[in-house]
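Commentary on secondary and tertiary structure
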Amino acid sequence: MTTADTPVQPDLGGEPAPIPTVQVEDVLEHDRSWTGRARRLLLERLPADKLLPNEQPSYVASWIYVFGMGAIASLVFVIASGLVLALNGPAWYHLSALGHFINSTHLWSVELFFLFMVIHLWGKFWMAAWRGNRVLTWISGVVSFAVSIVAAFTGYLVQTNFDGQWIAFEAKDALNATGIGAWFNVADFGQMFMWHITLLPIAVGAIVALHVVLVRMHGVVPPLESAETDAQLLPELLVEATTNGDSR
Amino acid sequence: MSVLSAASVGVFLSWGVFGIQVGNLIVILVMLVLFLLALVLPFPRGRRGR
Ligand code: HEM
């Protein structure tokens, strides 16, 4: 409805000029910026059904695949209890009953973390889980193992008791022999404390995140005895595969 | 010695040149047992399974 207040557009006649259509995909396809390249790489390597799959092949239904997640769960508890210890401080965890308890759960979750990690490592070793371009997954596992050991080591150094002092003075000669002792000084409590409560937890967390993303990128490795498919493991899948030519 | 002291030496077992603390031995045995159980125990079939 037109009223006196609303100006009327003059009708100049003819068809309206076509609006040039630019496909968003075309622009992204040729976007040479870092963002554009990163976007293409991520979408290609890690599409949603790889990043967050809601199904796994039937061979994953085995307890041996649970230990990686067990290690993650323990790591979450290690970091959470470590945060509580850090926020409340040594006077709390050395002198109060609750402080002692949380301190102990911190140690016990570390024990579980290593226990799960080692069983996970055995499992992956006997499955030769580095097959099919998964070598970086394996290597990130090795690195996470190594960095976790250093994190645990610095934890033992900062107990502020004779045990911690003993460990530091047993370790110093080995570290000095490699030359690293000049910079990573196990007798320097402040330095070891900083490594233990900031740098190493961040490092372990980052490596584990990378490890899990790599697992997701490649999918779970098929068992040694199956070629490309896991159809032979489930009779109903085999029937499906042979009747409709699905090679899954 | 206080129960909470981490500085206690612990119990060691030794056979010739080989020695191990009982606590460490237990952890290793537990890992071996869990590994074997993980291989033989059936995995519960999920409700969402097809
Ligand atoms: C910080 C400790 C670790 C955590 C939290 C962790 C976590 C995981 C998770 C959640 C998975 C997928 C589920 C599974 O198969 O269990 C996985 C897979 C894998 N892990 Fe680890 N892992 C750790 C250490 C290691 C170590 C020490 C190795 C070996 C040196 C390793 C090698 C692998 C490999 C090769 C796969 C891929 C298996 C496949 O594609 O089927 N991981 N890890």
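Below is a summary of the structure that appears in this document. (Residues numbered from 1 in each chain as written. Chains lettered and ligands numbered in written order. Predicted model: local features only at pLDDT ≥ 70, side-chain atom pairs only at ≥ 80, totals over all residues. Heavy atoms only, no water.)

1. Describing the coordination of the iron atom of the ligand
Residues and elements named next belong to chain A. Note on the iron atom of the ligand: its protein donors are His120 (NE2) and His211 (NE2). The metal-donor distances range over 2.0 Å. Seen from the iron atom of the ligand, its 6 donor atoms lie at angles of 85 to 179°, and the figure they make is octahedral. Of this pair, His120 sits in helix H6 (residues 97-126) while His211 sits in helix H9 (residues 189-218), placing them 91 residues apart in sequence. (Donors = N, O, S within 2.8 Å, 3.2 Å for Na, K, Ca; no water. Tetrahedral: all angles 85-135°; square planar, octahedral: opposite > 155°, others 65-115°. Helix = DSSP H or I, 4+ residues; strand = E, 2+ residues; numbered from the N terminus.)

2. As for unusual backbone geometry
All names here are of chain A. Even without being glycine, Asn133 reaches a positive phi, approximately 65°. When you line up the elements, Asn133 lands in the loop between H6 and helix H7 (135-157). Residue Asn133 is classed as exposed on the basis of its relative accessible area, which comes to 66%. The phi dihedral of Thr160 is positive, around 50°, even though this residue is not glycine. Checked against the element boundaries, Thr160 lands in the loop between H7 and helix H8 (162-178). Owing to a relative accessible area of 48%, Thr160 belongs among the partly exposed residues under this scheme. (Buried < 20%, exposed > 50% of the residue type's maximum accessible area, 1.4 Å probe, protein only.)

3. Here's the deal with the site of the ligand
Residue and element names in this part refer to chain A. Near the ligand lie 24 residues; those nearest to it are His120, Lys124, Gly141, His211 and Val221. The backbone of Tyr65 places a nitrogen or oxygen atom 3.1 Å from an oxygen atom of the ligand. Arg134 places a polar side-chain atom, nitrogen or oxygen, 3.4 Å from an oxygen atom of the ligand. Elements with a contribution of two residues or more to the shell around the ligand: helix H4 (67-88), H6, H7 and H9. Counting residues per element, the shell around the ligand draws most heavily on H7, at 6 residues. Across the shell around the ligand, the residue classes break down as 15 nonpolar, 7 polar and 2 charged. Taken domain by domain, the makeup of the shell around the ligand includes at least three residues from each of domain 1 (64-113) and domain 2 (128-220 + 232-248). (Near = heavy atom within 4 Å. Polar contact = N/O pair within 3.5 Å; in protein donor to acceptor, adjacent residues only side chain to side chain. Nonpolar A, V, L, I, M, F, W, Y, C, P; charged D, E, K, R; others polar. Domains from an automatic or database assignment.)

4. Points about the interface of chain A and chain B
In this assembly, 22 residues from chain A lie in contact with 18 residues from chain B. When chain A packs against chain B, the two sides together hide about 1700 Å² of surface, and 72% of this comes from carbon and sulfur. Three residues, Trp63(A), Leu115(A) and Trp122(A), lead the burial of chain A against chain B; their summed loss comes to 33% of the area buried on that side. In this structure, the connection of chain A to chain B is made through 1 residue pair in polar contact (both at pLDDT 80 or more). With 8 residues, the top contributor of residues to the side of chain A that touches chain B is H6(A). (Contact = heavy atoms within 4.5 Å. Buried area = accessible area lost by both parts, 1.4 Å probe.)

5. Here's the deal with the packing of aromatic side chains
Residues and elements named next belong to chain A. All told, the structure shown has 13 aromatic pairs over all chains when counted by the stated rule. Ring centres 6.0 Å apart and planes at 45° place the aromatic pair Phe67 and Phe116 in the tilted group. Here Phe67, found in helix H4, pairs with Phe116, found in helix H6; they are 49 residues apart in sequence, far enough to count as distant. Plain terms: the ring middles of Phe189 and Phe193 are 5.3 Å apart, the flat faces sit at 20° to each other, and that makes the pair stacked. Pair noted here: Phe189 and Phe193 are both in helix H9, with a separation of 4 residues, about one helical turn. On the basis of relative accessible area, Phe189 is assigned to the partly exposed category, the value being 36%. (Phe/Tyr/Trp six-rings, centres within 6.5 Å; stacked < 30°, edge-to-face > 60°.)

That is the geometry; function is a separate question.
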